[in-house]
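Commentary on secondary and tertiary structure
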Amino acid sequence: MAAGRYCYRDVLPFSAMVIMECINVGLNTLFKAATLQGMSYHVFVAYAYAIAALVLFPAPFLSQRSSVLPPLKITLMSKIGLLGLIGCSSQVMGFTGINYSSPTLASAISNLVPAFTFILAIIFRMEKVAVRSTSSQAKVMGTIVSIAGAFVVTLYQGPPVIIVTPSNLSLHHQPVLQDTEAESSQYWVLGGLLLTAEYILVPLWYIVLAQIMKVYPNELTVIFFYNLTVSILAAMVAYFSESNSSAWILKPGIALVSVVCQGFFGSFLNNAVHTWVIRLKGPVYVAMFKPLSIAIAAAMGFLFLGSDLYLGSLIGATIISIGFYTVMWGKAKEDMVQDTEVEGLESATTHKAPLLQRYQNEKM
C-alpha cells in the first residue's frame with residue numbers, strides 16, 4: 001500500500017515531467033525547422049491546439065456521467081477561458097520569440113519560470129515559507145541554485161570535454177549556423193523580450209490551472225476546453241495577422257510533421273501531464289523542471305546531433321542537479337510532515353469517538 005502510494009505520488013510525476021521536458025526540447029527544435037521553411041507560427045498554434053481538442057473531444061461527455069464532479073458552471077468556464085487567454089498569449093509570444101531567435105535562447109530564458117512561480121505561489125498562499133523550516137530553506141536555496149546552474153550552461157561554454165567528429169549524416173552544423181544568423185539579426189533582442197514575456201505568463205498559467213483543479217479535478221475535460229479556447233483565439237489572431245491565405249495550407253513535410261507532433265505530444269499530452277502533476281504536487285514542483293530543459297538540450301545535442309560536449313555544460317548540469325534534488329528533498333520532507341499531521345488527526349478522531357460514547361453510556 002505504501003509502496004504503491006509512493007510510486008503514484010513521487011516516482012510517476014518525476015518520471016513524467018522529465019520525459020515531458022525532453023519532448024518539449026525536441027518540439028521546439030522541430031518548430032524552428034518548420035518556420036525556417038515558411039510555416040506561420042500563428043497558424044501553427046491554431047492547428048496544433050485544434051488537433052489536441054479533437055483528440056480530447058469525448059472527454060467532457062464522459063465527465064458528465066460522473067456523480068463526483070461538479071457541474072460545468074459559468075464561473076468555471078470563465079476561469080478556463082482566462083486560462084485559454086493566458087495560454088494563447090504565452091504560446092504566440094513564445095513561438096514568435098523562437099522564430100526571431102532560437103530554441104537555445106528559449107531554454108535559457110525558461111530558467112526564470114521557477115522563481116516567478118515560487119513568488120506567485122507565495123502571494124496566492126499556495127506555498128508556505130517558514131524561515132526556520134528546513135524544508136522551506138531547501139526549496140528556496142534549491143530554486144536559486146538551479147537557476148544559477150542553468151545560467152552557467154548558457155553563459156559559460158568552456159573547453160570541449162568530448163569532441164565528436166561530425167559525419168555526413170550529422171545535423172551538427174545546421175543549428176549552429178541558424179543560431180549565428182539569429183544572433184546577427186536585428187530581431188534577436190525582440191525574440192528575447194517575447195520569450196521573457198512568455199515565461200512571465202507561464203507561472204500565472206500554472207497558478208490559474210491549480211485553482212481550477214481544486215474546483216474541478218478532471219484533467220482531460222479541463223484541457224479539452226482549454227485547447228478549444230486557445231485554438232479559437234489563435235485562429236482569430238492568425239486571421240487578422242496572415243494576409244496570405246496560402247499560409248493555412250499544410251503541405252506534406254516538416255511543417256505537417258511539426259504541427260501533428262506539437263498537437264499530440266505538446267498541446268495534448270504535455271498539458272495533460274502538467275495538469276495532473278499540478279493537481280498532485282503543486283505549481284512549484286512543475287516549474288522546477290524548467291531549468292532541466294537546457295541541460296537536456298545539451299545532452300540531446302551531444303547524443304543525437306553530434307555536438308561537442310563542453311565543460312560549461314557538465315558544470316552547469318551538475319549545479320542544476322544539486323539544486324533540483326535539493327528542492328525535491330524539501331518538497332518530500334514537507335509532504336511527510338503533512339502526511340504525519342493528517343494521520344495524527346485521523347488517529348485522534350478515531351480515539352475520541354469511543355471515549356465520547358463511553359461517557360454517554362455511563363451517564364445513562
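This structure is a prediction, so every number in the text was calculated from the model and none was measured.

Under the definition given, this model contains 15 aromatic pairs. We note K281 situated over the ring of Y285; from NZ or CZ to the ring centre the distance is 5.3 Å.

Let us now look at the pattern of salt bridges. Side-chain pairs of opposite charge can arise where the charged atoms are in close proximity. The tally for this structure, following the rule as stated, stands at 1 salt bridge. The closest approach of N and O atoms between E219 and R279, which form a salt bridge, is 2.5 Å. With E219 in helix α10 (residues 219-241) and R279 in helix α11 (residues 254-281), this residue pair connects regions lying 60 residues apart in the sequence.

Turning our attention to the environment of L112. Here L112 lies in the loop between α5 (103-109) and α6 (113-123). By relative accessible area, which is 26% here, L112 ends up partly exposed. Considered as a pair, L112 and P203 are 91 residues apart in the sequence and their alpha carbons are 9.4 Å apart. Beyond its immediate sequence surroundings of up to four residues, L112 is in contact with F151 and T196.

Detailed reading of predicted coordinates is not advised where the pLDDT is low. Of all residues in the chain, 78% attain a pLDDT of 70 or more, and the chain-wide mean is 77. Ranking the elements of the chain by mean pLDDT puts helix α8 (residues 173-184) last, at 44, and α10 first, at 90.

Analysis parameters
- Residues numbered from 1 in each chain as written.
- Predicted model: local features only at pLDDT ≥ 70, side-chain atom pairs only at ≥ 80, totals over all residues.
- Heavy atoms only, no water.
- Phe/Tyr/Trp six-rings, centres within 6.5 Å; stacked < 30°, edge-to-face > 60°.
- Lys NZ or Arg CZ within 6 Å of the ring centre and 35° of its normal.
- Salt bridge = Lys/Arg side-chain N within 4 Å of Asp/Glu carboxyl O.
- Helix = DSSP H or I, 4+ residues; strand = E, 2+ residues; numbered from the N terminus.
- Buried < 20%, exposed > 50% of the residue type's maximum accessible area, 1.4 Å probe, protein only.
- Contact = heavy atoms within 4.5 Å.
- pLDDT = per-residue confidence, 0-100.

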